[in-house]
Amino acid sequence: MATERRKPFAIKAQPGFGLVAMLCFFMLYLPIAILVVYAFNAGENIALWEGFSLRWFQSAWANETVQEAAMRSLFLASVSATIATIVAGMAAIATTRTAPYRGLTFKYAMINQPLMVPEIVTAVSLLIVFSRFKVWTGYSGIGYLVLAHTAFCIPFAYLPIRARLENMDLTLERAAADLYATPWQAFKRVTLPLLVPGLVAGYMLAFVISLDDVVITEFVKSGGQETLPTYMLGQLRRAVSPEINAIATVFLALSVLLVTLFYFVNRKKN
Amino acid sequence: MKTMLRAAVAGVSLLLGVGTALAEGELQIYNWGNYTSPELVKKFEEKYKVKVSITDYDSNDTALAKVRAGGTGFDIAIPSGNFLPVWISEGLILEARPDQMENFKNLREDFVNPPFDPGRHYSVPWLWGTYGVAVNTKHYSGDIDTWKVIFDPPDELKGKINIVPEMGDAIYAAMTYTGGTYCSGDKEMLKKARDVLLAAKPHWMSMEYATQEPMVKGDMLATSDWNGSVLRQRLVNPDIRYGFPREGTFIWQDTVVILKEAKNVENAKLFINFIMDPENAAMNSAFARYANAINGSEPFMPEDMKGAPELGLPDFMKGKTIFSVACPPDVVELYTKIWTDVMK
Amino acid sequence: MSDATRIAENARRADIRNRWWLTAPALFILFVAAIGPLLVVLLYSFMLKGDFGDVKYGQFSLDGWFSVFFERDIFDDTVGIAEAHVSILWRSVKLSLITTLLTLFIGFPTAYYISIQEPRRRDLLVFMVTIPFWTNILIRTFAMQEVVRNEGVINTLLVWSGIVDRPIQIMYTDWAIFFGMVYVYLPLMVLPLYASMEKIDFRLVEAGYDLYAGRFQVLRRVIIPLVKPGIVAGSILVFIPSLGAYVTPRVLGGGKNLMLGNLIDLQFGQGKNWPLGSALSITLLVIVTVALLFYVRNASKSGGGHGH
């Protein structure tokens, strides 16, 4: 990692970029801060301050539906994002750094297809197809949701990985091959480590996209398969319960904890 | 006590030929979001040892599409009354004969024979309400019992008005305001309604479902809305009043039905009977903030809902309300075109 | 054919075969849960609409497609171009383009800034970009209402600092939509950009400076060409989903004007016209696919300059 060690002075910096980045982070966290504050609100409105209280945490704690929905969302996001990243990574390797071959454009169009249709259309078409399966097989478990989420996560995982691959230097792999490494060894020792930032970016996008999905989930879910977003969507036309703020705060706390842990583990390793 | 109760229930259901099995197991309910009282569910679960699971939907159209597609695993659904004829004719609902259940006697008389389910062979009301306007009276003290507030607004409200983008409801309001008949495909009437919508649109700030926060905080000064929603708003901000449009409005109700594909029919029947009990009906109202149709539930209602002006109907509205209905398909097509025109 | 060319040809074939195997799992999942069902939608677009949603099976009709492009005036029965659909499409495209550009202007410097940090700080910052998205989009949008309201954060700051003397209306305007959309789609821009920036070869940048290029010139002539794949990926990920966006335009923008997403949603929902909804979505799909293929082809032709 010679480049990172280089004196950062003039070469890397661009004027004003740091400022934009700061502003960007400020903007990202402003609504989040507001949301966390209102999680401690005593009133019944999601954004009208009526004093400090923990009642919504208690109420969320007592509300099994909300908890199950939260757990289901996390489960769904991690499973779908994992599968999506793996298959998208394989597809990305197969579709980059090659002379054009027949079917390449086809693959590209197929992989990006879920991006190009509005959610409601995918949702309705999945409803039509999956409900047939549900009736035929008698199985109406969470598998359908995993499948649906994985499918629309694939392009989100694919594009960052592809972008990463396109920027990668072929010389290292060639060198490995010259040193009689098998293709698998070359992949494991050379390509994969270089690919990590792309994989991480792809995974995180897929995770977040799955965690956020409303419309498709709404149409695919069977009885007792509420996720946090669909739980919330259902409330949109009525009053939204501030329990949601509390749940979101817990989610945030969890993710911050995770990041901190990751940070320290990483530091130890270094 | 519990065993006695159970024996009683079993006895009654046996007597009525409703079924015999002691209800144990589970019950899958498909309802609007944030609309099912958790206390009510808990009470039911404890009483009958049934595990209840609630799944939400956000619109009648979604619910219909999903149930029609099948394989959902729901036992009970709670569609709006005006959608019921479709559910019945599509063969989605079990003829569960709630009219023969023990607690049916508690049902208010004016709810026994709705046009969409005469004699109540399929459904019982969950909660009901009216459609009207909410106005922040601190900024406008004039007449609010009219659709004029939305369609020909006073200067004080202009630019701070919202209309809930429920296509059928909005066009209903415009038709009623211009003296038309709802669900009519009469071109003259439709033209008047469309012109009113188009002329009023520049005065609107938004077309949004979520009215609670902006109304309470004064970002919105008037909106079309449902009565229970306005009750919630007034409890936080006393300046907000509910107006009953004297040109006419409709009464909607959401109805509890058992699906044909239900796996837990007995539990579902128990649940329907359960919610027609006055105390339980009041629990439901207290949570969702809408009125129920069960006689004798008033004593159990929370204080802030007893005699709430939003929940009843004032005298001048007598004869000016209809039960909400679903329009025929060809009319819906015309409405969709008008709606797209208004919102393009 | 000489042995050498035959061996090369065989190797090339084997390579292509391997590439198909590698793509197979992704294609399979997509076929079952995205492309296959979409064929159903295509079929639906050619059927007669059902009375209350759905279609009448087996009854073919071109009504859906007719209504995409033409409309019969309901009052005088004249047939004309479906002007409403054109204006809705145009507004959606405009809005998505502006959103993509804004996201790029904010996302590019941010991704760049992150990529030049030391590794540990860098990982931390990448995580920090995604953490806000652990909270659901609906609730984030509500929190954003707090920011753009008349008594919200932005207006309070503006009034307090004396820039304006009374709150300006941001909520329920296009400004609120842009603010919300940029917020929602930012990680979709930052992460692919970051992924391609993280490995910039700064020797090239150094060479640029050695040739007396200014900072801006280096940015334009060296850095941007180097990270072009990231820019392409990010722009696609932002532009296309924002075409179909509908929560943000509604909750922040007030929903007075339909976007493509809402229009299609209307047909499948309250409008109960599934064939028209299907035909509209297929139209959108075709437009976007053609634009995308054109864009990618051009980008890969002119882009790169690195490794090719």
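Here, the structure is the one placed above.
Note that the structure is a prediction, hence the values are computed from the model and not measured.

## Quick look at the pairing of strand β9 (residues 249-258) of chain B
Look at any regular strand and the pattern is simple: side chains alternate between the two faces of the sheet. Residues and elements named next belong to chain B. In terms of burial, β9 is largely enclosed, as 10 of its 10 residues are buried. Bridging between strand β3 (residues 76-77) and β9 involves 2 bridges; their strand directions are antiparallel. Residue A77 lies in a different strand from β9, and its bridge partner there is V257. Examined bridge by bridge, strand β4 (residues 124-136) and β9 share 6 bridges and lie antiparallel to one another. When the sheet's bridge partners are listed, G129 is paired in β9 with W252. Of the pairings in the sheet, the one linking β9 to strand β10 (residues 321-323) comprises 3 bridges and is parallel in character. Bridging across to β10, F250 finds its partner in I322.

## Quick notes on the packing of aromatic side chains
Residues and elements named next belong to chain B. Counted under the stated rule, the structure contains 42 aromatic pairs over all chains. Judged by centre distance (4.7 Å) and plane angle (65°), the ring pair of Y30 and Y57 falls under edge-to-face. You can see Y30 sitting in strand β1 (residues 25-32) and its partner Y57 sitting in strand β2 (residues 50-57), a full 27 residues away along the chain. Since its relative accessible area comes to 0%, Y57 is described here as buried.

## Overview of the environment of D117(B)
Residues and elements named next belong to chain B. Tracing the backbone shows D117 in the loop between α4 (84-89) and β4. Look at D117 and you get buried, because its relative accessible area is 2%. The spatial distance from the C-alpha of D117 to the C-alpha of I88 is 9.1 Å, given a sequence separation of 29 residues. Apart from the residues lying within four places of it in its own chain, the contact partners of D117 are L84, V112, Y122 and S123.

## Considering helix α3 (residues 83-115) of chain C
Between its first and last C-alpha, α3(C) extends 46 Å over 33 residues, near the 48 Å set by a 1.5 Å rise per residue. Of all the bends found along α3(C), the most pronounced is centred on G107(C) and spans about 30°, while P109(C), a proline, follows it within four residues.

## A word on the pattern of salt bridges
Taken as a whole and judged by the stated rule, the model has 31 salt bridges over all chains. A salt bridge links K344(B) to D341(B), with the nearest nitrogen and oxygen atoms 3.7 Å apart. Accessibility expressed as a relative area gives 28% for K344(B), which makes it partly exposed. Between E83(C) and K344(B) there is a salt bridge, with the nearest N and O atoms lying 3.7 Å from each other.

Thresholds applied
Residues numbered from 1 in each chain as written. Chains lettered and ligands numbered in written order. Predicted model: local features only at pLDDT ≥ 70, side-chain atom pairs only at ≥ 80, totals over all residues. Heavy atoms only, no water. Buried < 20%, exposed > 50% of the residue type's maximum accessible area, 1.4 Å probe, protein only. Helix = DSSP H or I, 4+ residues; strand = E, 2+ residues; numbered from the N terminus. Pairing = 2+ DSSP bridges. Phe/Tyr/Trp six-rings, centres within 6.5 Å; stacked < 30°, edge-to-face > 60°. Contact = heavy atoms within 4.5 Å. Expected span 1.5 Å × (residues − 1). Bend = angle between axes of the 7 residues up to and from the residue. Salt bridge = Lys/Arg side-chain N within 4 Å of Asp/Glu carboxyl O.

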